[in-house]
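Fold and geometry: a report
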Amino acid sequence: MRKPMREQVRQGAALALLVALTLAAIAGPTGLLAWAESSEVLEQREARIAVLTEKRDALANRVELLDPEGADPDLVTELVRQELGVLHPDEIVVVIEDE
């Protein structure tokens with residue numbers, strides 16, 4: 001027996017809605033594909049945060065060494081000479097790069 005036309009339209013609309021929801025769950029802005037992409041972005045940002053945290057800690061250490069009440073004499077001398085470009089002709093400058 002054939003279903004009435006109205007019932008077929010309802011079932012067609014329900015099927016279309018189900019397909020649309022399925023596509024949104026897979027490819028939508030918060031779907032499975034976006035979730036995988038978000039995981040990659042999260043990993044990249046966590047790596048960047050680790051690098052920036054390391055740099056921040058190094059700068060905090062330098063600030064501590066330059067405390068006016070107890071500055072590290074070697075660091076102060078190094079910075080003054082670097083800024084003023086003051087070197088004796090017989091001095092050798094060894095630059096050690098921080099990693």
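Structure report, in brief. All of these numbers come straight from a predicted model, not from anything done at the bench.

Reading the values: the criteria
- Residues numbered from 1 in each chain as written.
- Predicted model: local features only at pLDDT ≥ 70, side-chain atom pairs only at ≥ 80, totals over all residues.
- Heavy atoms only, no water.
- Helix = DSSP H or I, 4+ residues; strand = E, 2+ residues; numbered from the N terminus.
- Rg over C-alpha atoms; globule rule 2.2 N^0.38 Å.
- Areas by Shrake-Rupley, 256 points an atom, 1.4 Å probe, with all protein chains shown as cover.
- Lys, Arg positive; Asp, Glu negative; His and termini not counted.
- Charge placed at Lys NZ, Arg CZ, Asp CG, Glu CD.
- Patch = residues over 30% accessible without salt bridge, like charges linked within 9 Å, V, L, I, M, F, W, Y side chains within 5 Å.
- Salt bridge = Lys/Arg side-chain N within 4 Å of Asp/Glu carboxyl O.
- Buried < 20%, exposed > 50% of the residue type's maximum accessible area, 1.4 Å probe, protein only.

Now for the overall build of the protein chain. Summing up its helical and strand segments, the protein chain has three helices and zero strands in all. Traced from its N-terminal end to its C-terminal end, the protein chain shows the element sequence α-α-α. Radius of gyration (C-alpha) of the protein chain: 33 Å, far over the 13 Å computed for a compact globule of 99 residues. The principal-axis extents of the C-alpha atoms in the protein chain amount to approximately 105 × 30 × 20 Å. Here the protein chain displays about 9,400 Å² of accessible surface, and carbon together with sulfur accounts for 62% of that area. Positive and negative side-chain charges in the protein chain, numbering 10 and 19 respectively, have mean positions lying 29 Å apart.

A cluster of nonpolar side chains, namely Leu 66, Val 76, Val 80, Leu 84 and Val 86, defines an oily patch on the protein surface of about 400 Å² accessible area. Looking at the element boundaries, Val 80 is found in helix α3 (residues 73–84). Looking at Val 80, the relative accessible area reads 42%, which means it is partly exposed.

Position of Glu 43 among the secondary structure elements: in helix α2 (residues 32–65). A sequence separation of 16 residues divides Glu 43 from Ala 27, and the C-alpha atoms of the two residues are 21 Å apart.

For the coordinates displayed, the defined rule picks out one salt bridge. One salt bridge connects Arg 56 with Asp 57, and the closest N-O pair in it is separated by 3.3 Å.

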